[in-house]
Amino acid sequence: MGRLLKLREAHKTDAPATCSVVWAHDGSHLATSCASDTEVLIHDLSAPPPGRSGSAAGSSPVVLRHHKEGVTAISLGPTAGPLASGSFDHSVKLYSFPGGTFQGNVTRFTLPIKSLAFNKSGSLLAAAGDDDGIKLISTIDLTISRVLKGHRGPVTGLSFDPKHDYLASIDSFGTVIYWELSTGKQLHTLKSIAPNYNSDSSVLNTLSWRPDGEMLAVPGLRNDVVMYDRDTGEKLFNLRGDHEKSVCSFCWSPNGKYLATSGLDKQVLIWDVDLKQDIERQKFEERVCGLSWKPVGNALAVIDVMGRFGIWDNPVPASMKSPTEGVVFNEPNVLFEDEDEDEVLGKGISCYSGSLDDTIEKGSGDFSPISRKRVKKRGPLFDEGEEEVLQEIDSRKRRRESENKRGDGEIRERGARMQDAFQAGSTPPQEGKRRFLCYTLLGCVTSLENDGFSHVEVDFHDTGRGPRVPSMTDYFGFTMAALNESGCVLANPCKGEKNMSTLMYRPFGSWANNSEWSMRFESEEVKVVALGKNWVAAVTSLNFLRIFTESGLQMHILSVNGPVVAAAGSGDLLAVVTHASDCLSSGEQILEIKVFNINEATQTISGRLPLTPYSHLTWLGFSEDGRLGSFDSKGNLRVYSDQFGGSWLPVFSVEKARKSEDENYWIVGFNATKLFCIVCKSPESYPSVMPKPVLTILEFSSPLASSDLGADEVENEFMMTNLQLSEIRKKIKDMEAFGLDVTTLDDEAFSLEVKLDRCILKLIASCCHSDRLVRATELARLLNTQKSLKGAITIVTASKLPILQEKFSCILEERMLDDSKTPEPIPIVRSNRKASNTIQPPVRLSPMMERTPDLNNRTPNTIKPQIKSSPASETLKLVKPHSSIRENLAQGEEVSKDRELGKLEKLATFVKVKGNVTSEVAGKEGSSSATENAKPELKIPINPFAKVKKVT
């Protein structure tokens, strides 16, 4: 550290106040301001006293006295651009620089202004403060082009992306928002990542893009500065050194290699960002609240809260690279971007018809817009016409903007990076607030940091599904967790070279004391954890998948193919998502998923994980019935299905469910037909622990194309029901292969068949109305029962479509003929009357899949205990003891037909189409048929070992 830097007074103040300093682009002038002073000073540095490090001016400064109250912020436009100032008097004013001539009022707010910023081209000025909204002001005509709303507190810091894509803003609560300039939408919201200064108005949160625009610097919560990625908003790394209190101000060197930071501890540190190490420091008498690096040299301007400023010469040691190395000086006027205005318009041509110096302030909030008319002066280009020149300039700017503009959410090539690992259901840390380590449909694990350690609590949504778990003190700093009915697993990453990553499992019930166990990892770091039936899994930074038993026994160690992204467990199944390769130049993630059966030590699924273009994975999990699902940042939920050899089916899209643009959906889980999520209002993208989040249930909705039938809801219901029915049928097939009882699933399948037929009948009615007869014929072939086919015939008859009626009648005849040709199976009669423990394979009966006792064995034990109450079982006492098997079989067919007619009674009402009006009418043919075929109330059961086909 060099000798103590002496500061000189610029602004008089009796109490600490926010002060600002900016340096001219050529290094010849400095501008300073103070919140307790109404003046803005412009200091001429062209002739400083020789040999006086820390001196600030060689002549008296230019004094600007146009504000009525203290000046809270100043900003300098690019390359001889104007100087803007904001004040407690709610106004923003413009001055020429370095002349200091007042040019006019830009805009007014209803509350004090806290921050100003020009974009790199100087075409936009952003202004914000205690008001609700950030104003983007065009510097060409001084009109407000857009107002950005999303912060819930005073906006204290603004910074334009040097690549013209984003505006970053920070408020007094420490929330950072990435704004997309092309649309004005919030791209990323990073809540409470910076210190909370809402109660201290003398300290303002700030932020700044690195000159190359690749990362954003934000003050951290641990007396550090944190770098965030420009495109994803994810944390890259932090700079943490000898600051004893929070960082309150910083600025980048011209080449972006160094960063100067000042803290509440009255220190200023110089950092080598690549080395992540501080290389120089200065201690001051008061807190330094403003920093500005000299654009053309190795010097740093500082100003403290008492209005004193000075220049720190050679903050970067001479032995290191210069802070201006690689910087191109004498940049052209960036309002005309690549070419100097004089080169385009000719030497000596003025930019405006009248000088801004001539504009006078007419009153509060009044200003004279700058004229866009240009004066024709000497220059050969104007001989060919001024309009052609202006059109060429506008055309060139539009081409450049078109080249730079990308699709919504697209990651630029230079900023493309692989997605970091995340724990599904966890939320980022918030200073002084409880956070979720895990949140599922079963319950949640929360943590609250306090004085270097945390309190961890486990809560079940339904107290009947889990025991009451006492809270625990966390000395490791757990950041991730997984939960099931038996226990929970927690883990933390490495916090430093001496702090190892820890994995802990905490069972909720055990016959032995001290059943809790933990594992330490010296050379690797736990990235994600998962929990299943009698096993615990963790994936580490060495791409190891480590599997433990509930007691802590290390069972398996597998190598995964790439860096892990997420993991989830359910029962015997463990799903792990990893990077299959580096991401594409467009930023698209290449992810791979594997599903392991831990109990059988097998791999059931392996392949690519599909994502929406330009998105990343945000959630992974299983439903309660074991279905695997994934959710991406574009709001699309996909569920894995065995259809087509194993495919991911899109079953939900946020775009269709979102009611307003400020809604963000935080996924919790899903079941066969519904998605469970928590709806967060922007700028929040995740819920807080208190108040307790409210769960929102949304129906699945496939991303269907706009149908020409105008029946999108019915088509969606048809597709979802068909998918659900196929899953149920697969389960029935698998359970029958093991000889398990499928009675409940049979009833569920029949209900879905009825529901599916109802959807098909509605679609047939829409096809008749839209004259889509071929499609109606295809739908008729999908009907499951003959009763539904008769209903379809009634619909086309009412619609007066005789050709379609004939087609449907042929389909019905074919169905009846196929049923009659099916050979009747010979019933199996077992003569052994002894009790047997052998489980007989169940027999499916069409269409109701009922189970009845063996009538041949007339002992009281022939009625199996798994038989549920049904109309057939209730009449067992009416069976004639000496009736033959064939007689019972024939009577059983009639019972089967009667039960089918009873369950399909709701399908007796059909849709009648007349013109544009669709109404429901009773099917006359169905009614007469039901009357003629009416049967007596006495019902006879059927043989359970005979597969019976209904005979019409």
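For clarity, every value in this text was computed on a predicted model and none was experimentally measured.

## Describing the overall build of the protein chain
When you go through the protein chain residue by residue, the secondary structure sums to ten helices and 53 strands. Burial analysis of the protein chain (952 residues in total) assigns 52% to the buried set. Residue pairs in contact within the protein chain that sit at least 24 positions apart in sequence constitute 51% of those at least 6 positions apart. Working note: accessible area of the protein chain is about 45200 Å², and carbon and sulfur atoms make up 50% of it.

## Quick look at the sheet that holds strand 17 (residues 186-190)
Backbone hydrogen bonds hold the strands of a sheet together, and the pairing may be parallel or antiparallel. Taken together, the four strands give an open sheet; going across it, the order is 14-15-16-17, and neighbouring strands pair in antiparallel fashion. Edge positions in the sheet fall to strand 14 (155-160) and strand 17, since each of these pairs with one other strand and no more. Pairs of neighbouring strands in the sheet enclose a mean axial angle of 15°, with direction left out of account.

## As for the packing of aromatic side chains
Given two aromatic rings, one states the distance between the centres and the angle between the planes to describe the pair. Applying the stated criterion across every chain, the model contains 13 aromatic pairs. Summarising the aromatic geometry, the rings of Tyr166 and Tyr178 are spaced 6.3 Å apart at their centres and angled 45° between planes, so their arrangement reads as tilted. One end of the pair, Tyr166, is in strand 15 (residues 166-171); the other, Tyr178, is in strand 16 (residues 176-180), with twelve residues separating them in the sequence. With respect to burial, Tyr166 and Tyr178 carry one shared label: buried. A ring pair is formed by Trp619 and Phe670, whose centres lie 6.2 Å apart and whose planes are at 80°; its orientation type is edge-to-face. Here Trp619, found in strand 45 (residues 617-622), pairs with Phe670, found in strand 49 (residues 663-670); they are 51 residues apart in sequence, far enough to count as distant. Across this residue pair, the class does not change: Trp619 and Phe670 are buried. Each residue in the set Tyr166, Tyr178 and Trp209 is aromatic and connected to the rest through ring pairs, giving one cluster. Directly above the aromatic system of Phe109 lies the positively charged group of Lys135, at a separation of 4.4 Å from the ring centroid. Here the basic side chain of Lys276 rests over the ring of Phe237, its NZ or CZ set 4.4 Å away from the ring centre.

## Some remarks on the side chain of Asn636
Locating Asn636 in the fold gives a position in strand 47 (residues 636-641). Here Thr612 takes part through its side chain, which lies 2.7 Å from a polar atom of the side chain of Asn636. At 3.3 Å, the side chain of Asn636 and the side chain of Ser653 are in polar contact. Setting aside residues up to four positions removed in sequence, Asn636 forms contacts with Thr612, Ser630, Phe631, Phe652 and Ser653.

## Remarks on unusual backbone geometry
Residue Pro98 is bonded to the preceding Phe97 through a cis peptide linkage, with omega at 10°. Locating Pro98 in the fold gives a position in the loop between strand 8 (91-95) and strand 9 (102-108). The peptide bond linking Met690 to Pro691 adopts the cis configuration, its omega dihedral lying at 0°. Considering the arrangement of structural elements, one finds Pro691 in the loop between strand 50 (674-681) and strand 51 (696-699). In the Ramachandran plot, Phe644 falls in the positive-phi region, its phi being about 55° despite a non-glycine side chain. Since its relative accessible area comes to 76%, Phe644 is described here as exposed. Here the phi dihedral of Asp771 falls at roughly 60°; this positive angle occurs in a residue that is not glycine. Relative to the helices and strands, Asp771 resides in the loop between helix 5 (743-770) and helix 6 (773-781).

## Here we look at helix 6
Of all the positions in helix 6, only Ala776, Thr777, Leu779 and Ala780 are classed as buried. The buried residues of helix 6 occupy an angular sector of 160° when the element is viewed end-on, so they sit on one face. Away from its buried face by more than 90 degrees, helix 6 exposes Val774 and Glu778. Here the buried face of helix 6 lies against helix 5, helix 7 (786-798) and helix 8 (802-821).

## Some thoughts on the confidence of the model for the protein chain
Residues of the protein chain with pLDDT of at least 70 account for 74%, and the chain-wide mean is 78. Every residue in residues 828-890 scores below 50 in pLDDT, and together they form 98 contacts with partners more than four places removed in sequence or on other chains. Segment residues 903-952: pLDDT under 50, and 104 contacts once partners within four positions in sequence are set aside and those in other chains are kept.

## A closer look at the packing of helix 7 against helix 8
Where helix 7 contacts helix 8, the two axes come as close as 9 Å, and the packing angle between them is 170°. Classified by the interaxial angle, the pair formed by helix 7 and helix 8 is roughly antiparallel. When you trace helix 7 past helix 8, the crossing you get is left-handed. Contacts between helix 7 and helix 8 pair Gln786, Leu789, Lys790, Ala792, Ile793, Val796 and Thr797 from the former with Leu804, Gln805, Phe808, Ser809, Ile811, Leu812, Arg815, Met816 and Asp819 from the latter.

## Here we look at the nonpolar core
Note on soluble globular proteins: their nonpolar side chains tend to be buried together. Within the largest apolar cluster, 36 residues are counted, with the highest numbers of intra-cluster contacts made by Leu617 and Leu628. Dropping the residues within four chain positions of it, Leu617 is found in contact with Gln419, Phe422, Val565, Ala566, Val577, Leu591, Leu609, Leu611, Ser630, Phe631 and Asp632. Counting residues in hydrophobic clusters, the runner-up holds 34 residues, among them Ile732, Leu756, Cys759 and Ala765.

## Some words on helix 5
Between the first and last C-alpha of helix 5 there are 41 Å, a value that for 28 residues agrees with the 40 Å anticipated at 1.5 Å per step. Within helix 5, 20 of the 28 residues are buried, leaving the element largely enclosed by the surrounding structure. Immediately beyond the C-terminal end of helix 5, within one or two residues, lies Asp771, with a positive phi of roughly 60°.

## Some thoughts on the sheet that holds strand 19 (residues 215-219)
Read across the open sheet, the four strands follow the order 18-19-20-21; overall the sheet is antiparallel. Each end of this open sheet is capped by a strand with a single partner; those strands are strand 18 (208-209) and strand 21 (235-239). Inspection of the sheet shows strand 19 paired to strand 20 (residues 225-229) by five bridges, in the antiparallel sense. Counted as the bridge partner of Val218 is Val226 from strand 20.

## A word on the pattern of salt bridges
Here the structure, examined in full by the defined rule, presents 31 salt bridges. Among the salt bridges present, the one from Glu655 reaches Arg658, with a minimum N-O distance of 3.2 Å. Overall, the relative accessible area of 56% leaves Glu655 in the exposed class. On the accessibility criterion, Arg658 (24% relative accessible area) is partly exposed. Overlapping salt bridges bring together Asp161, Asp165, Arg230 and Asp231 as one network.

## What to know about the environment of Lys762
With respect to the helices and strands, Lys762 occurs in helix 5. Take Lys762: its relative accessible area is 38%, and that puts it in the partly exposed class. C-alpha of Lys762 to C-alpha of Ala792: the two residues are 30 residues apart in sequence and 9.4 Å apart in space.

## Section: the state of the cysteines
A complete count under the given rule lists zero disulfides for this structure. Just so you know, Cys768 is unpaired, no disulfide at all, and the nearest cysteine sulfur is the one on Cys767, 7.0 Å from it. Judged by its relative accessible area of 11%, Cys768 falls in the buried class.

Cut-offs and rules
- Residues numbered from 1 in each chain as written.
- Predicted model: local features only at pLDDT ≥ 70, side-chain atom pairs only at ≥ 80, totals over all residues.
- Heavy atoms only, no water.
- Helix = DSSP H or I, 4+ residues; strand = E, 2+ residues; numbered from the N terminus.
- Buried < 20%, exposed > 50% of the residue type's maximum accessible area, 1.4 Å probe, protein only.
- Contact = heavy atoms within 4.5 Å.
- Areas by Shrake-Rupley, 256 points an atom, 1.4 Å probe, with all protein chains shown as cover.
- Pairing = 2+ DSSP bridges.
- Axes fitted to C-alpha atoms, helices over the stretch in contact; angles between N-to-C directions.
- Phe/Tyr/Trp six-rings, centres within 6.5 Å; stacked < 30°, edge-to-face > 60°.
- Lys NZ or Arg CZ within 6 Å of the ring centre and 35° of its normal.
- Polar contact = N/O pair within 3.5 Å; in protein donor to acceptor, adjacent residues only side chain to side chain.
- Arc of directions from axis to C-beta.
- pLDDT = per-residue confidence, 0-100.
- Parallel < 35°, antiparallel > 145°, perpendicular 65-115°, else oblique.
- Left-handed = near helix turned anticlockwise from the far one by under 90°.
- Core = buried A, V, L, I, M, F, W, Y, C linked by side-chain atoms within 4.5 Å.
- Expected span 1.5 Å × (residues − 1).
- Salt bridge = Lys/Arg side-chain N within 4 Å of Asp/Glu carboxyl O.
- Disulfide = S-S within 2.5 Å.

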